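# Analysis of the macromolecular model
Residues per chain are reported as follows:
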Amino acid sequence: MELNVETETDYYKNAKKYWSTISPTVDGMLGGFGSISFIDIRGSEQFLRHLYRLKPAPGHQRALDCGAGIGRITRGLLVPFFEQVDLVEQDEQFCQTARTSLKDCGPKIGTVYNEGLQSFVPQAGHYDIIWVQWVLGHLTDEDLVQFFSRCANGLARSGMMVMKENFTSNDEVIADETDSSVTRPLAAMKALLKRGNLRVVKEQRQTSFPKELYPVYMLALKPLIKS
Ligand SMILES: C[S@@+](CC[C@H](N)C(=O)[O-])C[C@H]1O[C@@H](n2cnc3c(N)ncnc32)[C@H](O)[C@@H]1O
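One numbering rule holds for all chains: residues counted from 1, following each sequence as written. A pLDDT threshold of at least 70 governs which residues receive local features in this predicted model, and a stricter bar of 80 or more applies before side-chain atom pairs are shown or counted, although totals over entire chains, interfaces and linings include all residues.

- Naming follows an unreviewed UniProt entry, where the protein appears as Alpha N-terminal protein methyltransferase 1 of Anopheles darlingi.
- Recorded in UniProt for the protein, the comment headed Sequence similarities (unreviewed entry) runs: "Belongs to the methyltransferase superfamily. NTM1 family." UniProt positions are given in the numbering used here, feature names are shortened, and annotations may be inferred rather than shown by experiment.

So, in structure tokens, the structure goes:
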């Protein structure tokens, strides 16, 4: 997906506009499929537990939830696993909802960054887990590669990034003009990961989702070269 600078700006502007019309609820986050949130979180929890059986396992100190929306994943998955969770989300209203609704998690919630992933720079060597779910279709290929490389740099020793995304079941990139996103084939994503200094250490398909949804895969990633 190659875009010139003008179309690239529109690509992000249109997504921003789309998300500004979406209600700050779990159903809003999941495009009307709020009912799958429970299965999704349980699948992620199982995957994360597997990662902690690998050697060396990541730490339990700090996690980052990317494209966090209202903090659905932070609350359901990350808060029980980590001492502190930061969030990054481009929509201001979702950030406000996350700040308010996660108040009962107390000091476990760190900073909620209101910023797009295309420019966000995680603090170097900081995170044990960087969780990225259902958001990467909003980034252009080149921005994805740069984002991966900044995340690789943002991982603590033995840290991992986890991506959980929709993928096409053939080799086509499918564009969605409604929310200004694309769904990529898994092979295309893996090629971008490599360019972004990340390698796959574990891969699993999410089971028990409705058949009409795209296949969803979880990929655990580590830096190819640690800087
Ligand atoms: C499908 S929702 C998923 C939210 C959350 N990851 C979850 O699973 O509950 C996509 C989220 O990505 C956010 N988003 C879209 N483009 C983004 C970007 N360029 N940078 C950061 N967040 C973005 C949207 O505002 C929205 O909150």
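## A few points about the sheet that holds strand β1 (residues 62–66)
- Only strands that DSSP links by at least two bridges are regarded as paired with each other. By the criteria applied, helices consist of DSSP H or I runs no shorter than four residues and strands consist of E runs no shorter than two, each listed in order from the N terminus. Strands sit in the order β3-β2-β1-β4-β5-β9-β8 across an open sheet of seven strands; the sheet is mixed. Each of the sheet's edge strands pairs with one partner strand only, and the pair in question is β3 (109–114) and β8 (198–205). Each strand of the sheet is rotated relative to its neighbour by a mean of 15°, with strand direction disregarded.
- Relative to strand β5 (residues 155–166), strand β4 (residues 127–133) is paired through six bridges, and the arrangement is parallel. In this analysis, axes come from line fits to C-alpha atoms, helices being fitted only over the stretch in contact, and the angle between any two N-to-C directions falls in the range 0 to 180 degrees.

## Re helix α6 (residues 141–154)
- One less than the number of residues in a helix, times 1.5 Å, gives the span that helix is expected to have. Look at α6: 20 Å from first C-alpha to last across 14 residues, which is about the 20 Å you get at 1.5 Å a residue.
- Within α6, burial applies to L144, F147, F148, C151, A152 and G154. All buried residues of α6 project into a common sector of 155° when viewed along the axis, lining one side.
- Those residues of α6 hidden inside the fold are in contact with β4, β5, α7 (186–195), β8 and β9 (216–223). Put simply, a residue is buried when 20 or more other C-beta atoms lie within 10 Å of its own C-beta and exposed when 12 or fewer do; between those, it is partly exposed, and each C-beta is set from the backbone. The arc under discussion is defined with respect to the helix axis, by the directions toward the C-beta atoms. We call two residues in contact when the distance between their C-beta atoms, placed using the backbone, is within 7 Å.

## Remarks on the site of the ligand
- Should the C-beta atom of a residue, placed from the backbone, lie within 6 Å of a molecule or strand, that residue is near it. Near the ligand there are 21 residues, and of these W19, G67, G69, R72 and H138 occur at the shortest range.
- A per-element tally of the shell around the ligand places helix α1 (residues 5–20) first, with three residues.
- Taken together, the residues of the shell around the ligand break down into eleven nonpolar, seven polar and three charged. Three classes are used: nonpolar for Ala, Val, Leu, Ile, Met, Phe, Trp, Tyr, Cys and Pro, charged for Asp, Glu, Lys and Arg, and polar for all others, with Gly counted as polar.

## A look at the environment of M160
- The topology assignment puts M160 in strand β5.
- Taking the C-beta count within 10 Å as the criterion, M160 has 25 such neighbours and is therefore assigned buried.
- Not counting residues within four places of it along the chain, the set of residues in contact with M160 comprises L51, P58, I129, L155, V201, A220, L221 and K222.

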